[in-house]
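Coordinate analysis (summary)
Chain by chain, the residues run as shown.
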Amino acid sequence: MKRKTEELPPMVAARTHRPTINPLRCGQCFVCQQGCPGEFLREYRQEGGSLRGEIYRNREPGSVPATGECLPPAPCQQACPLGQDVRGYIERIAAGKPDQALAIVRESNPLPSVCGFICSRPCEEVCLREWIDDPLSIRALKRYVVEYPSVKQPAPSSSPPRRGKPISIIGSGPAGLAAAHDLARMGHGVRILEAHSKPGGMLTMGIPPFRLPQRAVEEDIAHIEAMGVEIGTNCCVGKGDSLKTILGDSAALILAVGAQRSLTLGIVGEDELEGYFDCLSLLREFSLGHSLDLGERVIVVGGGYAALDAARTALRTGSAKVTVIYRRALEDMPAGRGEVEEALDEGVEIHAQSLPTAILNHRARVKGLRCVRTKMGRRDKGGRRSFMVIEGAEFEVEADSIIAAVGQEPDLSWLPDDYPLGRARGNALLVNEELATTLAGVFAAGDVVTGPSSVVEAMASGKKAAQSVHRFLIAKGGRR
Amino acid sequence: MISKACELKRNKRVRSTSLPTEQRRRSFALVDKGLSEKEAISEASRCLGTLPCQSCDICALLCPDLCITWNEVTEQIEVDYDYCKGCGICAAVCPKKAIDMVQE
């Protein structure tokens, strides 16, 4: 059979039941693994006289995975850092059973409500429906499921008896919450230490309510707390409890402190001027309910989600003219297309291909920004285009305040200098493939390892750290 | 015969409605209004995973007359009825039951 395999890869029929492993009961006898048909497929690939042999024999190379592997999941599921069964829950929505869809989402997603609003949607980019008309609105469908009024949140399994010391997680952002969720589900005692008064990290302190309503974050956190996770707020590690005491009281420690320090524009003397703000502290101030006076004309430098959030927040607090300055072209912006279009609709001006060179000031107060036009060059290995400054193509934009949103990096200044934790590039923590740091029993997850990433990637990192901690504790002989 | 196996209607994605621009500029209300139940079900039904035929090709592999083929032009799976004896193997093995045997 001749098919355009490069256009429509073969797909498998959806399964009807899923085996789920209860770690409290699993004695790791491996009978299940030894009895899995996937193991037998190796020998049965070439068999005659059976349906399976017929399916696998004489297929075009590449149309069936190599011996010893399973058939690949759908592209959306492969693209999702959490590996969610996208087709499974969409099929349940189509069948009019959103509560069953939510149960499928919860299998792999610790923060479904949050993802329904602000996921960066890697699944939609690879949706095969794109070859026919449009990719599916997968995020909108997830939001429909979590908002469906009659959907009862499935009650979390009753907390099993916890023995010994709990696992401590520092930071209650997406990575910390995901790790706590998975560890609690595996039957461990977990406590989260959060420096701010409200848990959620960037979800509560960064993303404004017109994109992510607080009730979504609260719902997800309530669900995780119902699983037996303790969340302690206002616990600033380094000021109050020292890391050493926390480590002594815990079976293991996960650092999920995020990337909290805003990068600067790299212009001398910028942060001493009145009217200069960094994006993160601005959004944090706003989430805490403090009033902001940004003046009539605001400039935001940067092209990510945070930059557009800051620009749209400024517009809503009463600034008349908000301009976004971005060094690459409009289509290169790291923020999502939908967010860029919404910002343009609302009247945010975007000056793409402009690089700030100097901040104009009058008596130590921001007066404007001098920029130079850039032109786009070739793509580098990472797929980002380089840009070159066009000599002499300078222009000035007047402004009452300037918001720098040019990126973040982890802030580890609270760690004592002599603390034996290895550092990697970009002020991140040094970890191995298991997300273990250089100190035994201390793991790291989320932006503090990867640098700024998306919510869903941070969650995937947290889930991975949870697996590593679980293996670490089993190896230590704490259980079984 | 193969019924509705690869019938694909082209329909665009359902877009959720947004708050009007004038209202957005002065309030922090959520911009995206989300999908209604009807919209969500129609959007979910577009997923290729919910289609009856999943192009697994099992029917074609097991056809004794090699008469189930992929039509490059129409991009659909089709049966060559000049050679099909009507044995019914394809309908029996189809995991999604996308093939019906129809009386002639």
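Everything here concerns the structure above.
The shown structure was predicted, so the numbers you read here are calculated from the model rather than taken from an experiment.

**Here we look at the pattern of salt bridges**
- The tally for this structure, following the rule as stated, stands at 28 salt bridges over all chains.
- The salt bridge partner of R211 of chain A is E339 of chain A, with a shortest N-O separation of 3.6 Å. With R211 of chain A in the loop between α11 (202–205) and α12 (214–226) and E339 of chain A in helix α16 (residues 337–346), this pair connects stretches of sequence that are 128 residues apart. Grouping residues by exposure puts R211 of chain A and E339 of chain A together as buried.
- Measuring nitrogen to oxygen at the nearest pair gives 3.8 Å for the salt bridge that ties R24 of chain B to D345 of chain A.

**Side note on the interface of chain B and chain A**
- Across the boundary between the two partners, chain B contributes 49 residues, which contact 54 residues of chain A.
- Around 4500 Å² of area is buried between chain B and chain A when both sides are counted, 59% of it from carbon and sulfur atoms.
- In terms of surface lost to chain A, no three residues of chain B exceed R25, F28 and L30 of chain B, which account for 17% of the buried area on that side.
- Taken together, the connections running from chain B to chain A amount to six salt bridges.
- Run the count over chain B and chain A and you get 19 residue pairs in polar contact (both at pLDDT 80 or more).
- Sorting the residues of the side of chain B that touches chain A by element identifies α1 (21–25), α2 (37–44), α3 (58–62) and β1 (68–71) of chain B as the ones contributing at least two each.
- Looking at the side of chain B that touches chain A element by element, the count peaks at five residues for α2 of chain B.
- Tallied by class, residues from the side of chain B that touches chain A come to 21 nonpolar, 12 polar and 16 charged.

**Notes on the packing of aromatic side chains**
- Across all of its chains, the model carries four aromatic pairs over all chains by this definition.
- For the pair Y144 of chain A and Y148 of chain A, a centre-to-centre distance of 5.4 Å together with 70° between the ring planes defines the contact as edge-to-face.
- Under the relative-accessibility criterion, Y148 of chain A is labelled buried at 18%.
- Their ring planes at 35° and their centres at 6.2 Å tell us that F210 of chain A and F28 of chain B sit as a pair that is tilted. Separated into two different chains, F210 of chain A in the loop between α11 and α12 and F28 of chain B in the loop between α1 and α2 make up a pair that spans both.
- With relative accessibility at 2%, the residue F210 of chain A sits in the buried group.

**With respect to the sheet that holds strand β12 (residues 385–398) of chain A**
All names here are of chain A.
- With respect to topology, three strands assemble into an open sheet ordered β10-β11-β12, the strand pairing being antiparallel. A strand with exactly one partner marks an edge of an open sheet, and here the two such strands are β10 (354–362) and β12. Ignoring strand direction, the axes of neighbouring strands in this sheet form an average angle of 15°.
- Sheet topology places strand β11 (residues 365–379) next to β12; nine bridges connect them, and they run antiparallel. Bridging from a neighbouring strand, L369 pairs with V397 of β12.

**Re the nonpolar core**
Residues and elements named next belong to chain A.
- Grouped together as the largest cluster of nonpolar side chains are 66 residues, with contacts concentrated most on I169, L183, L203, I254 and L255.
- Element by element, the count of residues in this core is highest for helix α18 (residues 455–476), at nine residues.
- When residues of this core are sorted by domain, at least three fall in each of domain 2 (73–155) and domain 3 (167–260 + 410–476).

**Focus on the sheet that holds strand β3 (residues 230–232) of chain A**
All names here are of chain A.
- Read from one edge to the other, the open sheet built from five strands follows the order β3-β2-β1-β4-β15, with strand pairing classed as parallel. The outermost strands of the open sheet, each flanked by one partner alone, are β3 and β15 (442–444). The sheet shows a mean angle of 20° between the axes of neighbouring strands, direction not considered.
- Seen against the sheet, helix α10 (residues 174–185) touches β1 (167–170), β2 (190–193), β3 and β4 (252–255) and runs at an angle of roughly 170° to β2.

**Brief notes about the packing of helix α5 (residues 86–94) of chain A against α2 of chain B**
- In the contact formed by α5 of chain A and α2 of chain B, the axes pass within 8 Å of each other and the chain directions differ by 130°. The orientation of α5 of chain A with respect to α2 of chain B, classified from their angle, is oblique. In this structure, the crossing between α5 of chain A and α2 of chain B has a hand that is left-handed. Facing I90, I93 and A94 of chain A of α5 of chain A, the residues of α2 of chain B in contact are A40, I41 and A44 of chain B.
- Considered class by class, the residues forming the contact of α5 of chain A with α2 of chain B number six nonpolar, no polar and no charged.

**Section: the side chain of N71 of chain B**
All names here are of chain B.
- Relative to the elements of secondary structure, N71 occurs in strand β1.
- What makes N71 buried here is its relative accessible area of 18%.
- A polar side-chain atom of N71 sits 3.0 Å from a polar atom in the side chain of E78.
- The contacts of N71, once residues within four sequence positions are left out, are Q76 and E78.

Rules behind the numbers
- Residues numbered from 1 in each chain as written.
- Chains lettered and ligands numbered in written order.
- Predicted model: local features only at pLDDT ≥ 70, side-chain atom pairs only at ≥ 80, totals over all residues.
- Heavy atoms only, no water.
- Salt bridge = Lys/Arg side-chain N within 4 Å of Asp/Glu carboxyl O.
- Helix = DSSP H or I, 4+ residues; strand = E, 2+ residues; numbered from the N terminus.
- Buried < 20%, exposed > 50% of the residue type's maximum accessible area, 1.4 Å probe, protein only.
- Contact = heavy atoms within 4.5 Å.
- Buried area = accessible area lost by both parts, 1.4 Å probe.
- Polar contact = N/O pair within 3.5 Å; in protein donor to acceptor, adjacent residues only side chain to side chain.
- Nonpolar A, V, L, I, M, F, W, Y, C, P; charged D, E, K, R; others polar.
- Phe/Tyr/Trp six-rings, centres within 6.5 Å; stacked < 30°, edge-to-face > 60°.
- Pairing = 2+ DSSP bridges.
- Axes fitted to C-alpha atoms, helices over the stretch in contact; angles between N-to-C directions.
- Core = buried A, V, L, I, M, F, W, Y, C linked by side-chain atoms within 4.5 Å.
- Domains from an automatic or database assignment.
- Parallel < 35°, antiparallel > 145°, perpendicular 65-115°, else oblique.
- Left-handed = near helix turned anticlockwise from the far one by under 90°.

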